[in-house]
Amino acid sequence: MFAPRIYMERRRRLLREVESGLALFLGNEESPMNYPDNTFSFRQDSSFLYYFGLDQPGLAGVVDFEEGTATVYGDDFTVDDIIWRGPQPTIGERSKAAGIDRTAPIARLAEVLKEARRTGRRVHFLPPYRADNAFKLKRWLGVDPDKAAGKASVELIRAVVEQRAVKGPEEIAEIDRAVDISTEMHVTAMRMVRPGIGEAEIAAEVHRIALAAGGDIAFPIIGSVHGETLHNHHHGNRLKKGNMFLLDAGAESPGHYAGDLSSTMPVDLKFTGRQREIYEIALAAHEAAAGALRPGVNNLEVHLLACRTIVLGLKDVGLMKGDPDEAVRAGAHALFFPCGVGHMMGLDIHDMEDLGEVYVGYEGRPKFTQFGLKSLRLARPHQPGFVVTIEPGIYFIPQLIDKWRAENIFTDFIVYDKVEKYRNFGGVRNEEDFLITPKGRRRLGKAKPKTVGEVEAVRAEPRI
Ligand code: GLY
């Protein structure tokens, strides 16, 4: 946890942003794997963590905008609980660490909310993404669980998004730490890859590093010879000569801040000529996008710059043709790059995605609908304190190639006969994390090997 003053200041700021009523922040419950006592590892709700700091299940927090108070609700352990899970500080003791001296049992929360409803006070809540919290809203506020996300308070969502989007120095230090651990995960993978090793063996070691650092992974590890599948969580293949291995993995720091890096490496000690060519185009797009980050620049421009760089490179190797700007405007590049250039990162790997991408990335405007562009998560001007990922890639997805070819689309821009020769190439991506500074950007955490020379130098080191 941070110092109590950090949480007090965060709540003070929130009090200024919302007009009236109460804000109900629901902490998470344990999440059963296959029966109630056998649970996934506990992950607290990020907005609850942000304002209340407490990392235990079964809690809720209320900010009262008229009284200017904050209260934590939850039940202390009984002796029955202590027998199985050991003695714990009381909720009153824990809450002091977040600068809160008002606590009460969870049953009291039901009464407070009932009274608020009776007197016509507004109870603001954020969109629930877990069923048990949706059911609490039903029980306490009479909100239909199927409609709960749509009934969330837009005023509270906007206030939370604008506050969490700009990271404080204490958060940036945590993110630097998460990225340092993530870099170690990636360098280790680069030392491990070789023909015959299993994807699962590499994923296991990458996960071990995150756990050994006192946190965990920030999201399920993507580690695959099929890098063309954007979120490939299958680790069942063995690496073969001629493959490339794409790793997209990040650590969550002990304070629950995320790192998120991607690397692509040859299974052989060196890239083949063709692998190198495509890798360098994707890397040029990465460097162009990262170099464009600064306050005031819209992330949409950063994305389109990456798209244009990819088109120019693919034209050079004969996979695309025609006017690059027209190709990007039409969306033809999305055959190779069907997603966005990056996203915000913080307590969540896709920061605040539970609050709605239109609020986080689009300031309330609707998202784009064009294939490719519709997957861009962030299209707003950058501000100092934003933390974002930059992760353009080039992917050869056989099913997408077949579909577009059969539809005979974008024939002015795509050289399908040549693309056919790459259908088993896989995918390539580099990803790093950046803080927007007053004058530009700073890459977060330790540098990871990225150029062809740097990656091959690590591949040449003694293997683990
Ligand atoms: N790096 C994983 C993701 O952005 O979803």
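In case you missed it, the structure is sitting above this.
Residues numbered from 1 in each chain as written. Predicted model: local features only at pLDDT ≥ 70, side-chain atom pairs only at ≥ 80, totals over all residues. Heavy atoms only, no water.

(A) The arrangement of the packing of helix α1 (residues 4-17) against helix α7 (residues 154-165) in detail. The interhelical angle for the contact between α1 and α7, taken along N-to-C directions, is 140 degrees, at an axis separation of 10 Å. In this view, α1 runs oblique relative to α7, as classed from their interaxial angle. Where α1 crosses over α7, the two elements pack in a sense that is right-handed. Contacts from Arg10, Arg13, Leu14 and Glu17 of α1 reach α7 at Glu155, Leu156, Ala159, Val160, Glu162 and Gln163. Within the contact of α1 with α7, the residues separate by chemical class into 4 nonpolar, 1 polar and 5 charged. (Axes fitted to C-alpha atoms, helices over the stretch in contact; angles between N-to-C directions. Helix = DSSP H or I, 4+ residues; strand = E, 2+ residues; numbered from the N terminus. Parallel < 35°, antiparallel > 145°, perpendicular 65-115°, else oblique. Left-handed = near helix turned anticlockwise from the far one by under 90°. Contact = heavy atoms within 4.5 Å. Nonpolar A, V, L, I, M, F, W, Y, C, P; charged D, E, K, R; others polar.)

(B) Geometry of empty space enclosed by the protein. The full count for this structure, using the stated rule, is 3 cavities of 30 Å³ or more. Here the largest cavity is characterised by a volume of approximately 140 Å³. Lining the largest cavity are 14 residues, and of these Leu26, Asp45, Leu126, Pro127 and Pro128 sit closest to its centre. Among the secondary structure elements, those contributing two or more residues to the lining of the largest cavity are β1 (22-26) and α6 (131-141). Looking at which element gives the most residues to the lining of the largest cavity, the answer is β1, with 3 residues. Of the residues belonging to the lining of the largest cavity, the class tally is 9 nonpolar, 2 polar and 3 charged. Considering only enclosed or pocket space, the second largest cavity measures out at about 70 Å³ in volume. (1 Å grid on protein atoms, 1.4 Å probe; cavity = no way out; pocket = protein on both sides within 12 Å on 5 of 7 lines; lining within 4 Å. Points joined across faces, edges and corners; volume = space filled by probe spheres on them.)

(C) Highlighting the sheet that holds β1. The mixed open sheet is built from 5 strands, whose spatial order is β6-β5-β4-β1-β7. Two strands in the sheet have a free side with no partner beyond their single neighbour: β6 (103-104) and β7 (123-125). Most of the contacts of α6 go to β1, to which it runs at about 145 degrees, and overall it touches β1 and β7. (Pairing = 2+ DSSP bridges.)

(D) Inspection of the site of the ligand at higher detail. Lining the immediate surroundings of the ligand are Phe219, His231, Asp248, Asp260, His343, His350, Glu391 and Glu431. Out of a free accessible area of 200 Å², the ligand has 93% covered by protein chains. Taken together, the residues of the shell around the ligand break down into 1 nonpolar, 3 polar and 4 charged. (Near = heavy atom within 4 Å. Areas by Shrake-Rupley, 256 points an atom, 1.4 Å probe, with all protein chains shown as cover.)

(E) Structural detail: the side chain of Arg94. Its place among the elements puts Arg94 in helix α4 (residues 91-96). Buried Arg94, no salt bridge; nearest opposite-charge side chain is Asp76, N-O distance 6.6 Å. There is a polar contact of 2.8 Å between the side chain of Arg94 and the side chain of Gln88. Once residues within four sequence positions are removed from consideration, Arg94 is found in contact with Leu54, Gln56, Gln88 and Pro89. (Buried < 20%, exposed > 50% of the residue type's maximum accessible area, 1.4 Å probe, protein only. Lys, Arg positive; Asp, Glu negative; His and termini not counted. Salt bridge = Lys/Arg side-chain N within 4 Å of Asp/Glu carboxyl O. Polar contact = N/O pair within 3.5 Å; in protein donor to acceptor, adjacent residues only side chain to side chain.)

(F) Region of the structure containing the layout of surface pockets. Of the voids in this model, the largest pocket is the one considered here, and its volume is about 810 Å³. In this structure, the largest pocket is lined by 29 residues; those nearest its centre are Arg43, Arg130, Ala218, Glu252 and Asp348. Class assignment for the residues of the lining of the largest pocket results in 11 nonpolar, 9 polar and 9 charged. As for the second largest pocket, its lining consists of 26 residues, of which Glu30, Pro57, Gly58, Phe77 and Arg85 are closest to the centre. Of all elements in the fold, only α3 (79-85), α4 and α6 reach the threshold of two or more residues within the lining of the second largest pocket.

That is the geometry; function is a separate question.
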